[in-house]
Amino acid sequence: MGNTNNNSAGTDNGEAKPEPLDFIREIVAADLASGKHASTVTRFPPEPNGYLHIGHAKSICLNFGISLENEGGVCHLRFDDTNPAKEDVEYVDSIKEDVQWLGFDWGKNIYFASDYFEKLYGFAVELIQSGKAFVCELTLDEIAGHRGTPTKPGTNSPYRDRSPGENLELFQRMRDGEFADGTRVLRAKIDMASPNLHMRDPVLYRIRKTLHHRTGNKWCLYPMYDFTHCLSDSIEGITHSLCTLEFEVHRPLYDWVLDNVAIDSRPRQIEFARLSLTYTVLSKRKLLTLVEEGRVNGWDDPRMPTVSGLRRRGYTPASIRSFCKTIGITKFNSLTDVALLEHSIRQDLNDTTPRRMAVLRPLKVVITNFDEDKVEELEAANHPKDPEAGTRSVPFTREIYVERADFMEEPPRKFFRLGPGREVRLRFAYFITCNEVIKNAAGEVTELHCTYDPETHGGNAPDGRKVKGTIHWVSASHAFEAQVRLYDRLFTVEDPNKEDDGKTYLDHLNAESLEVIADAKLEPGLAKAEPGERFQFERLGYFCADAGDSQAGKPVFNRTVTLRDAWAKQRGKG
RNA sequence: UGCCGAAUGGUGUAACGGUAGCACAACGGUCUCUGACACCGUUUGUCUAGGUUCGAAUCCUAGUUCGGCAACCA
């Protein structure tokens, strides 16, 4: 983990070569070096209106990462809950769970913008008193009309020159609930001719007689993001306020507010590029639609790029942190190949995950020279490179299942597996040779008759004879039958956000993103898998016992990611 | 047409005026009781045009392309 003070790597000549810093960490380092700040206070400020996704993980790793890297650094978790119409406690709970699961700790520093409503109101009063804010009675449409366009300046509201006294009174009456939703707003008095639209007398407060998930009906007046965020940052003593690129044009307003009220602490906003990933969407609105339209089974559907979806899919917190480190922080609007994410999880799971055998698409094999009633217990290593992982015993019998894809009646040149007359190794067991191919009336292969070589017990031939292929298997009579879900990418195109020829992301959903295998044949020990437990099913991929649908003694498995498959590529070239 | 920002191999990212490097992907090979892992190797890049300089991915100028911005959303 990169969460230490030591971010240097040793070199051959013993000089410490510092790991390169991203541009934000460079600014932070400079501010610390110059004495501008004694340490860092960062914050992760989600709006509780949806579940966290992998893009949020990038921001979480950045903000909490910086706090961990600097002596005395802290990172706040702050809910930006200023729009009661869209927000809900369900989301604050899930967000807290996800941040913790990712491995970060906000300690005592958990805050809600709604806790600052009274203070914020005071700042608004301050602005009104100094003649820098006014109550406007224009309708929503009228305000839009007065705003002008990017190329044409706007025009002043007729209410712009009300006296501070009148504004103060009106603002108080807005708070008291005397006016209906939408009839009045508080606006900053800046410049209707500014080339930056956000500076054309932006709305600071609107009336919304909606129950707030935390303040209930205490308020009917809610502050807007631009007013709330900078002041919340200042109230909390945030030193570096890190946000995504779309807020770049908001920065002059962020600074304007802080310049025009009395504050003790001056945060600096710095913007970086949000994450985009191939074959998925990362917008709360689009993810919400997928959930609401039932295109997926909820926010934590393992196909979703949400933190909860990835967790259920079997991703580890470490793999997501490592992914975030790999993609870095820049201002370049990039589209990251999902292969990078998949690499992170394979890397992590390869080292840590015990191996098991499972047959997803079974083909029965009868070992004709093996005793009918004999059950032989074979020892199988739990990890090929880590003896500490120990061994387990797997039963071997006359009838076993192998993967259908591991047999070909007319094998091409580079096929190393089973075929008529061919010998292969059954992993941890014996060499077997295929003698007979049994078919049904339709000509489909239903069964293979093979013979085993007793001399090859455990998988090695005393005569030194080699086989090119090793395949996995499960004893037919001992097989534990379980549901296994194979997940694939949610969309069929690299960038579902690109709306070509009238198509939207919904037109690119992958109809085969989920394949359910009702009764895969698993080695018996897997019946005891605990929810959330991860395994590598040898030669297939990494799987995780589903945390939601598994029952005691009856786990259901999700495929996290496949193993790399050189044969699949070879074959694809045909 | 206004404002803000960004451009380095297929993808992501480094270089801070001095040999364009790393990871992923792809391709070839070695190894192998997982066609995995590991290991070795190969291909591919500084948006364009000028300028400054002994020397430019880096500095300057102009252009091109891409992204963001006109909720009483965040």
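Given the structure is predicted, the values throughout are model-derived calculations rather than measurements.

**With respect to the side chain of asparagine 260**
Here asparagine 260 is to be found in the loop between helix H8 (251-259) and strand S11 (268-272). Residues contacting asparagine 260, with those up to four places away along its chain left out, are Glu126, Leu127 and Lys132.

**What about helix H6 (residues 164-175)?**
In this model, H6 (12 residues) spans 16 Å end to end at C-alpha, consistent with the 16 Å of a helix rising 1.5 Å per residue. Along H6, the residues classified as buried are Asn167, Leu170, Phe171 and Met174. Along the long axis of H6, the arc covered by the buried residues comes to 100 degrees, so they all point the same way. Looking at the buried side of H6, the elements it contacts are helix H4 (117-129), strand S6 (133-136), strand S7 (185-188), strand S8 (203-207) and strand S9 (221-223). Backbone geometry just after H6 places glycine 177 at a positive phi near 85 degrees.

**A word on the layout of surface pockets**
Put simply, the second largest pocket is a space of about 1,000 Å³. For the lining of the second largest pocket, the elements supplying multiple residues, two or more each, are strand S23 (480-487), strand S27 (557-562) and helix H13 (566-572). A per-element tally of the lining of the second largest pocket places H13 first, with six residues. Looking at side-chain class alone, the lining of the second largest pocket contains 11 nonpolar, five polar and 18 charged residues.

**Quick notes on the protein's contact with RNA strand B**
Taken together, 69 residues sit near RNA strand B, with Glu26, Arg355, Lys385, Arg417 and Gly458 positioned nearest. Within 4 Å of the protein, the atoms of RNA strand B are drawn from sugar and phosphate moieties in a proportion of 68%. Take threonine 82: an N or O atom from its side chain is 2.5 Å from a phosphate oxygen of RNA strand B. Arginine 564 places a side-chain nitrogen or oxygen 3.3 Å from a phosphate oxygen of RNA strand B. Of all the secondary-structure elements, those providing two or more residues to the surface near RNA strand B are helix H5 (140-146), S8, helix H12 (338-352) and H13. Among the elements that line the surface near RNA strand B, the one with the most residues is H12, at five residues. When the residues that make up the surface near RNA strand B are grouped by side-chain class, the tally is 26 nonpolar, 20 polar and 23 charged.

**As for the packing of aromatic side chains**
All told, the structure shown has 22 aromatic pairs when counted by the stated rule. Taken together, a centroid distance of 6.3 Å and an interplanar angle of 65 degrees make the contact between phenylalanine 535 and phenylalanine 557 edge-to-face. Here phenylalanine 535, found in strand S25 (residues 534-537), pairs with phenylalanine 557, found in strand S27; they are 22 residues apart in sequence, far enough to count as distant. Phenylalanine 535 sits in the buried class, given a relative accessible area of 3%. An aromatic cluster of three or more residues is present, and its members are Phe117, Tyr121, Phe171, Tyr205, Trp219, Tyr222 and Phe227. Directly above the aromatic system of phenylalanine 179 lies the positively charged group of arginine 184, at a separation of 3.7 Å from the ring centroid. Positioned over the ring face of tryptophan 101 is arginine 311, at 5.2 Å from the centre of the ring.

**Points about the pattern of salt bridges**
Side-chain pairs of opposite charge can arise where the charged atoms are in close proximity. Counted according to the given criterion, the structure contains 40 salt bridges. A salt bridge links aspartate 549 to arginine 312; the shortest N-O distance between them is 3.3 Å. Of this pair, aspartate 549 sits in the loop between strand S26 (541-545) and S27 while arginine 312 sits in helix H10 (residues 307-313), placing them 237 residues apart in sequence. Note on aspartate 549: relative accessible area 36%, which makes it partly exposed. In the salt-bridge network here, residues are joined through shared partners; they are Asp300, Arg312, Arg485, Asp546 and Asp549.

**A look at the environment of proline 164**
Along the chain, proline 164 turns up in helix H6. As a C-alpha pair, proline 164 and valine 484 span 320 residues in sequence and 67 Å in three-dimensional space. Here proline 164 is in contact with Ile128 and Gln129, once residues within four sequence places are set aside.

**Notes on empty space enclosed by the protein**
Inspection of the entire model under this criterion finds one cavity of 30 Å³ or more. Its volume calculated, the largest cavity comes out at about 40 Å³. Looking at the largest cavity, the residues that line it are Tyr225, Asp226, His229, Cys230, His250, Tyr254 and Gln269. Of the residues forming the lining of the largest cavity, the biggest block, four residues, is contributed by helix H7 (residues 225-235).

**Quick notes on the nonpolar core**
In terms of nonpolar packing, the biggest core is built from 34 residues, with Ile54, Ile60, Phe64, Val99, Leu277, Ile320 and Phe323 touching the most fellow members. The element best represented in this core is helix H2 (residues 54-69), accounting for five residues. If sequence neighbours within four positions are ignored, phenylalanine 64 has contacts with Phe44, Cys75, Val99, Phe104, Asp105 and Trp106. Membership of the second largest hydrophobic core comes to 33 residues, among which are Tyr116, Leu120, Leu186 and Tyr205.

**What to know about the sheet that holds strand S21 (residues 470-471)**
Strand order in the open sheet made by the seven strands is S21-S18-S19-S20-S14-S17-S22, with mixed pairing throughout. Each having just a single partner strand, S21 and strand S22 (473-475) make up the two edges of the open sheet. One ladder, built from three bridges, connects strand S17 (residues 399-403) with S22; its direction is antiparallel. Residue pairing for S22: valine 402 is matched across the bridge by tryptophan 473.

**Observations concerning the pairing of S17**
Burial within S17 is extensive, with four of its five residues counted as buried. Taken together, the five bridges between strand S14 (residues 362-367) and S17 define a ladder with antiparallel strand orientation. Bridge pairing links valine 365 to isoleucine 400 in S17.

**Considerations on the confidence of the model for chain A**
Residue-level pLDDT values for chain A average 95, and 97% of them are 70 or greater. Contacts from residues 1-15, a stretch scored under 50 in pLDDT, to residues over four places away or in other chains number 24 contacts. Predicted complex metrics record ipTM = 0.96 and pTM = 0.95.

Procedures and definitions
Residues numbered from 1 in each chain as written. Chains lettered and ligands numbered in written order. Predicted model: local features only at pLDDT ≥ 70, side-chain atom pairs only at ≥ 80, totals over all residues. Heavy atoms only, no water. Helix = DSSP H or I, 4+ residues; strand = E, 2+ residues; numbered from the N terminus. Contact = heavy atoms within 4.5 Å. Expected span 1.5 Å × (residues − 1). Buried < 20%, exposed > 50% of the residue type's maximum accessible area, 1.4 Å probe, protein only. Arc of directions from axis to C-beta. 1 Å grid on protein atoms, 1.4 Å probe; cavity = no way out; pocket = protein on both sides within 12 Å on 5 of 7 lines; lining within 4 Å. Points joined across faces, edges and corners; volume = space filled by probe spheres on them. Nonpolar A, V, L, I, M, F, W, Y, C, P; charged D, E, K, R; others polar. Near = heavy atom within 4 Å. Polar contact = N/O pair within 3.5 Å; in protein donor to acceptor, adjacent residues only side chain to side chain. Phe/Tyr/Trp six-rings, centres within 6.5 Å; stacked < 30°, edge-to-face > 60°. Lys NZ or Arg CZ within 6 Å of the ring centre and 35° of its normal. Salt bridge = Lys/Arg side-chain N within 4 Å of Asp/Glu carboxyl O. Core = buried A, V, L, I, M, F, W, Y, C linked by side-chain atoms within 4.5 Å. Pairing = 2+ DSSP bridges. pLDDT = per-residue confidence, 0-100.

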